[in-house]
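Structure at a glance
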Amino acid sequence: MPRQRIIDICLFLLLAGLLCYEIFILKGNNYYVVSLIIILAGMMRFLLSFEKSHPSVQMMAVIAALCGLAIASRIAFIFLPQIKPMAAVVIITGIVFGGEAGFITGAVTAFVSNFYFGQGSWTPFQMFALGLTGFLAGILFKKKHSRIPVAVYGFFSVVILYGGIVDLNTIFMMSGEPDSGTIAGIYLSGLPFNILFGVSTAIFLYLLYQPVVRRLERICRRYQLIDKEAEK
């Protein structure tokens with residue numbers, strides 16, 4: 001198995017262990033500590049991916065700008081619950097700049113935007129889930145794809161992956177010893193919201209994917225970032 005994949009597996013096992021630690025040991029307390037560890041772990045993996053490519057200041061600036069765009073897009077749509085382009089920005093970042101960039105963009109977006117929406121035990125779960133959608137997008141769409149498969153991925157990743165992970169926090173925080181009925185009830189009650197978020201993400205990806213990717217690729221060519229990304 002390539003060393004990069006071994007690092008990825010170890011990283012996600014670590015993050016899954018952190019979420020379990022928050023649930024069963026911390027009981028939802030000290031979630032800031034867990035959140036910061038998730039960000040640091042994602043940044044470490046992000047930097048390790050550039051071990052041979054020597055990331056430029058321009059590359060870091062572009063990723064920071066995309067984090068800011070994703071955060072602003074969540075806040076700007078505050079009056080439309082679950083209809084936000086946030087996940088679409090994270091997925092596009094993962095596709096263009098790689099899974100590591102997608103993960104750190106998703107994790108930072110959830111953490112920083114929750115200073116506006118409210119921090120809580122759910123924050124690490126949102127960070128991990130949103131980061132994972134960006135990471136898998138970079139893995140699955142290494143080559144150019146049409147906007148339809150990307151939009152389909154956006155829908156299912158938000159409904160199944162993001163919604164499934166974030167709802168875990170609700171399950172364990174509402175019930176110390178959840179049974180099958182509690183789990184099914186919580187997932188079913190959250191399903192309409194997850195589907196709405198998934199549909200809006202798919203629509204935003206369908207509308208924005210090609211024009212945004214073209215502009216990002218133009219930036220990459222101007223600052224000679226494409227060749228560096230190809231080495232990953």
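What counts and how
- Residues numbered from 1 in each chain as written.
- Predicted model: local features only at pLDDT ≥ 70, side-chain atom pairs only at ≥ 80, totals over all residues.
- Heavy atoms only, no water.
- pLDDT = per-residue confidence, 0-100.
- Contact = heavy atoms within 4.5 Å.
- Phe/Tyr/Trp six-rings, centres within 6.5 Å; stacked < 30°, edge-to-face > 60°.
- Helix = DSSP H or I, 4+ residues; strand = E, 2+ residues; numbered from the N terminus.
- Buried < 20%, exposed > 50% of the residue type's maximum accessible area, 1.4 Å probe, protein only.
- Lys NZ or Arg CZ within 6 Å of the ring centre and 35° of its normal.
- Core = buried A, V, L, I, M, F, W, Y, C linked by side-chain atoms within 4.5 Å.
- Patch = residues over 30% accessible without salt bridge, like charges linked within 9 Å, V, L, I, M, F, W, Y side chains within 5 Å.
- Areas by Shrake-Rupley, 256 points an atom, 1.4 Å probe, with all protein chains shown as cover.
- Salt bridge = Lys/Arg side-chain N within 4 Å of Asp/Glu carboxyl O.
- Polar contact = N/O pair within 3.5 Å; in protein donor to acceptor, adjacent residues only side chain to side chain.
- Axes fitted to C-alpha atoms, helices over the stretch in contact; angles between N-to-C directions.
- Parallel < 35°, antiparallel > 145°, perpendicular 65-115°, else oblique.
- Left-handed = near helix turned anticlockwise from the far one by under 90°.
- Nonpolar A, V, L, I, M, F, W, Y, C, P; charged D, E, K, R; others polar.

Here the focus is the confidence of the model for the chain. Of the residues in the chain, 80% have a pLDDT of 70 or more, and the chain-wide mean is 81. Considering only residues more than four positions removed or in separate chains, one finds that residues 228-232, a stretch of pLDDT under 50, has 14 contacts.

In this section: the packing of aromatic side chains. Per the stated rule, a full pass over the model turns up six aromatic pairs. Relative to Tyr153, the ring of Phe141 lies with its centre 5.6 Å away and its plane at 70°, an arrangement referred to as edge-to-face. Of this pair, Phe141 sits in the loop between helix H6 (123-140) and helix H7 (147-174) while Tyr153 sits in helix H7, placing them 12 residues apart in sequence. Here Phe141 matches Tyr153 in class, with each residue buried. A cation over a ring is seen here: Arg74 above Phe117, with NZ or CZ 4.3 Å from the ring centre. Just above the ring of Tyr206 sits the side chain of Arg147; from NZ or CZ to the centre is 4.1 Å.

With that out of the way, let us pick up the environment of Val57. Mapped onto the elements, Val57 comes out in helix H3 (residues 57-76). Since its relative accessible area comes to 68%, Val57 is described here as exposed. Along the sequence, Val57 and Tyr223 sit 166 residues apart, while their C-alpha atoms lie 10.0 Å from each other.

Looking now at the nonpolar core. Ranked by size, the top nonpolar core spans 28 residues in total, and within it Phe12, Leu15, Ile38, Phe103, Phe128, Leu130 and Ile165 carry the most contacts. Put simply, the parts of the chain that give this core at least two residues each are helix H1 (3-26), helix H2 (31-48), helix H4 (86-97), helix H5 (99-117), H6 and H7. Of all the elements, H6 adds the most residues to this core, at seven residues. Once you skip the residues sitting within four places of it in the chain, Phe12 turns out to touch Phe103, Phe128, Leu132 and Phe135. Grouped together as the second largest cluster of nonpolar side chains are 26 residues, Val62, Ile104, Val108 and Val213 included.

Quick look at a nonpolar patch on the surface now. On the surface, Ile148, Val152, Phe156, Ile160, Leu188, Leu191, Ile195, Val199, Ile203, Tyr206, Leu207 and Leu208 cluster together to form a nonpolar patch covering roughly 1100 Å² of accessible area. Looking at the nonpolar patch, the elements that each hand over two or more residues are H7 and helix H8 (180-222). Ranked by the residues each element gives to the nonpolar patch, the list is headed by H8, at eight residues. The topology assignment puts Ile195 in helix H8.

With that out of the way, let us pick up the side chain of Ser73. With respect to the secondary-structure elements, Ser73 resides in helix H3. Ser73 gets classed as buried once you look at its relative accessible area, which sits at 9%. At 2.7 Å, the side chain of Ser73 and the backbone oxygen of Ala70 are in polar contact. Excluding anything up to four places from it in sequence, Ser73 contacts Pro85, Met86 and Val89.

A separate point is the packing of H3 against H5. Two elements in contact, H3 and H5, have axes separated by 9 Å at closest approach and are oriented at 40°. As summarised for this structure, H3 and H5 are arranged oblique, according to the angle between their axes. Where H3 crosses over H5, the two elements pack in a sense that is right-handed. Note on element contacts: H5 touches H3 through Ala101, Ile104, Thr105, Val108, Thr109, Ala110, Val112, Ser113, Asn114, Tyr116 and Phe117, opposite Ile63, Leu66, Cys67, Ala70, Ile71, Arg74 and Ile75. Taken together, the residues that form the contact of H3 with H5 break down as 13 nonpolar, four polar and one charged.

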